[in-house]
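Commentary on secondary and tertiary structure
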Amino acid sequence: DQQVKQNSPSLSVQEGRISILNCDYTNSMFDYFLWYKKYPAEGPTFLISISSIKDKNEDGRFTVFLNKSAKHLSLHIVPSQPGDSAVYFCAASFAVRGGAQKLVFGQGTRLTINP
Amino acid sequence: DAGITQSPRHKVTETGTPVTLRCHQTENHRYMYWYRQDPGHGLRLIHYSYGVKDTDKGEVSDGYSVSRSKTEDFLLTLESATSSQTSVYFCAIRNPPGETQYFGPGTRLLVL
């Protein structure tokens, strides 16, 4: 049962335009949502997060939107730059034993920015 | 940079042999995690630790065990490696009160 889904395996965007990456989830117990960026042969790098009590968070060119009623979040990148070409993972977290947080990841979307 | 190193970075082994991967952190973080990444699955949690000698299972823990005898090291052991355990393994840490997990560079494991 895939609790976090990224339905677009790939996305191609022109440099300077907006990139919109989408993510859907099924579990109402998730309390934080995060986006990670991953280059080949490297570990995932944290980009931006949002608490389940908010609907928007912005950090420079990156904005994350959360629609709780639709169980949907999106990452907007404006303007898109060639260095943004990477695989993007959304993840959702919930509290578990000992104060730890479990992360559940989507399958990833490969973003390609074309010059 | 969360001060995480993983060793080895690459390993080739044979089916049936035990394998241990090491995650080392230098900043005294309490929470540590092991994930595996496979095509079409994103990252999946294998085991996590919430303190020295305190560990619990994740969603894909079968065939794996972990140990944490000191704060800075979290070891992942494949008791008898199988070809289905060919994967890229990532260690992560979390430093409360934030919710963000920070990842190491990964270990690429090939089981022949």
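Here, the structure is the one placed above.
Conventions used here
Residues numbered from 1 in each chain as written. Chains lettered and ligands numbered in written order. Predicted model: local features only at pLDDT ≥ 70, side-chain atom pairs only at ≥ 80, totals over all residues. Heavy atoms only, no water. Disulfide = S-S within 2.5 Å. Helix = DSSP H or I, 4+ residues; strand = E, 2+ residues; numbered from the N terminus. Buried < 20%, exposed > 50% of the residue type's maximum accessible area, 1.4 Å probe, protein only. Salt bridge = Lys/Arg side-chain N within 4 Å of Asp/Glu carboxyl O. Pairing = 2+ DSSP bridges.

1. A closer look at the state of the cysteines
- Tallying each qualifying case throughout the model produces two disulfides over all chains.
- Two residues share a disulfide in this structure: C23 of chain A and C90 of chain A, whose sulfurs sit 1.9 Å from each other. The sign of the 60 degrees torsion about the S-S bond sets the C23 of chain A-C90 of chain A disulfide as right-handed. With C23 of chain A in strand 3 (residues 19–25) and C90 of chain A in strand 9 (residues 86–95), the pair connects residues that are 67 residues apart, well separated along the chain.
- Residue classification places C90 of chain A among the buried positions, given a relative accessible area of 1%.
- Across the disulfide from C23 of chain B sits C91 of chain B; the S-S distance is 1.8 Å.

2. A look at the pattern of salt bridges
- Counted under the stated rule, the structure contains seven salt bridges over all chains.
- Connected through salt bridges with shared partners, the residues R22, K70 and D73 of chain B form a single ionic network.

3. Remarks on the pairing of strand 3 (residues 19–25) of chain B
Residues and elements named next belong to chain B.
- Residues of strand 3 alternate between two faces, with V19, L21, C23 and Q25 buried on one and T20, R22 and H24 left unburied on the opposite face.
- The pairing of strand 1 (residues 4–7) with strand 3 spans four bridges and is classified as antiparallel. Across the sheet, residue Q6 finds its bridge partner in strand 3, namely C23.
- Alignment of strand 3 against strand 8 (residues 73–78), held across six bridges, turns out to be antiparallel. Bridge pairing in strand 8 places C23 opposite F74.

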